[in-house]
Amino acid sequence: MDLIVEDLAAIDDKLSQRHIDLDPGGYFIIYLDRDAGLIYAKHFTNVIDDRGLAIDPETGKVIPAREKVERTHTTVFNARTAKELCVKIFEETQPPPVTQLNHAAYLGREFVRAEVALVTRQEYVQD
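Basis of the calculations
Residues numbered from 1 in each chain as written. Predicted model: local features only at pLDDT ≥ 70, side-chain atom pairs only at ≥ 80, totals over all residues. Heavy atoms only, no water. Helix = DSSP H or I, 4+ residues; strand = E, 2+ residues; numbered from the N terminus. Buried < 20%, exposed > 50% of the residue type's maximum accessible area, 1.4 Å probe, protein only. Contact = heavy atoms within 4.5 Å. Areas by Shrake-Rupley, 256 points an atom, 1.4 Å probe, with all protein chains shown as cover. Arc of directions from axis to C-beta. Core = buried A, V, L, I, M, F, W, Y, C linked by side-chain atoms within 4.5 Å. Phe/Tyr/Trp six-rings, centres within 6.5 Å; stacked < 30°, edge-to-face > 60°. Salt bridge = Lys/Arg side-chain N within 4 Å of Asp/Glu carboxyl O.

Trainee: Mind showing me how you'd approach the overall build of the protein chain here?
Mentor: Within the protein chain, the secondary structure is distributed over 3 helices and 5 strands. In sequence order, the secondary structure elements of the protein chain are arranged as α-β-β-β-β-β-α-α. Per-residue burial for the protein chain yields a buried fraction of 28% across its 127 residues. Sequence-distant contacts, at least 24 apart, represent 54% of the contacts inside the protein chain between residues at least 6 apart. When the accessible surface of the protein chain is summed, it comes to about 8,900 Å², and 54% of that surface belongs to carbon and sulfur atoms.

Trainee: How should helix H2 (residues 82-91) be read in this particular structure?
Mentor: Note: α-helices contain 3.6 residues per turn, so residues at a spacing of three or four share the same orientation. Taken residue by residue, H2 has Ala-82, Leu-85 and Ile-89 as its buried positions. Taken end-on, H2 shows its buried residues confined to a sector of 65 degrees, consistent with a single buried face. Residues of H2 that are exposed and point over 90 degrees away from its buried face: Lys-83 and Glu-91. Summarising the contacts, the buried residues of H2 are in contact with strand E1 (27-33), strand E2 (38-44), strand E5 (75-79) and helix H3 (101-120).

Trainee: Would you mind showing me how to read unusual backbone geometry here?
Mentor: In most cases, non-glycine residues show a negative phi, while peptide bonds are predominantly trans. Cis peptide bonds are those with omega within 30 degrees of zero, and the linkage from Gln-94 to Pro-95 qualifies with -5 degrees. Looking at the element boundaries, Pro-95 is found in the loop between H2 and H3. Look at Arg-121: it is not a glycine, yet its phi comes out positive at around 65 degrees.

Trainee: Just to check I follow, could you spell out the nonpolar core for this structure?
Mentor: What tends to happen in soluble globular proteins is that the nonpolar side chains get buried as a cluster. One finds Phe-28, Ile-30, Ala-41, Leu-85 and Phe-111 to be the most contacted residues of the largest nonpolar core, which totals 18 residues. Contributing elements (two or more residues each) for this core: E1, E2, E5, H2 and H3. The greatest single-element share of this core, amounting to 6 residues, is contributed by H3. When residues no more than four places from it in sequence are discounted, the contact partners of Phe-111 are Ile-30, Ile-39, Ala-41, Ala-82, Leu-85, Cys-86 and Ile-89.

Trainee: Would you take a moment to explain the packing of aromatic side chains for this structure?
Mentor: The description of two aromatic rings rests on the distance between their centres and on the angle between their planes. Counted according to the given criterion, the structure contains 3 aromatic pairs. Look at Tyr-27 and Phe-44: their rings are 5.1 Å apart centre to centre, the planes differ by 10 degrees, and that puts the pair in the stacked class. With a gap of 17 residues between them, Tyr-27 in strand E1 and Phe-44 in strand E2 connect regions that are remote in the sequence. Aromatic side chains Tyr-31 and Tyr-40 sit 5.2 Å apart centroid to centroid with 5 degrees between the ring planes, which places their arrangement in the stacked category. A relative accessible area of 16% places Tyr-40 in the buried class.

Trainee: Help me out: how do you make sense of the pattern of salt bridges in this one?
Mentor: Where side chains of opposite charge bring their charged atoms close, a pairing between them can arise. Scanning all chains against the criterion turns up 5 salt bridges. Close ionic contact of Glu-70 with Lys-68 constitutes a salt bridge, the shortest N to O distance being 3.8 Å. One exposure class covers both Glu-70 and Lys-68, and it is exposed. Between Arg-113 and Glu-110 there is a salt bridge; the shortest N-O distance is 2.8 Å. With Arg-113 and Glu-110 both in helix H3 and 3 residues apart, this pair spans about one turn of that helix. On the accessibility criterion, Arg-113 (38% relative accessible area) is partly exposed.

Set out below in structure tokens:
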């Protein structure tokens, strides 16, 4: 069976709708600096409450998923490629700020998407 781009996009869209548990190690905001040719990943800490919601450890308030939130990041990682960024986060930072394998896999996928967007000059929006 030959998969075409539309099929791949449909599979990806469907999988993006599934429930995933949040990582108590925190979350990342990924963005590009095209002028510098870099992928950035800002790491933010959080606490997961008994409902599975991310809570700001400083304020105790729920961190909304779809609103702009002013928070201070703990670390900013940057690299030229997805692989270089993964090495910095998962190998050079001890302990790594990621505590769940599904989160690590998600970040790897997102870093590759960001790298492709950087190289092809396409828009990058984090999933």
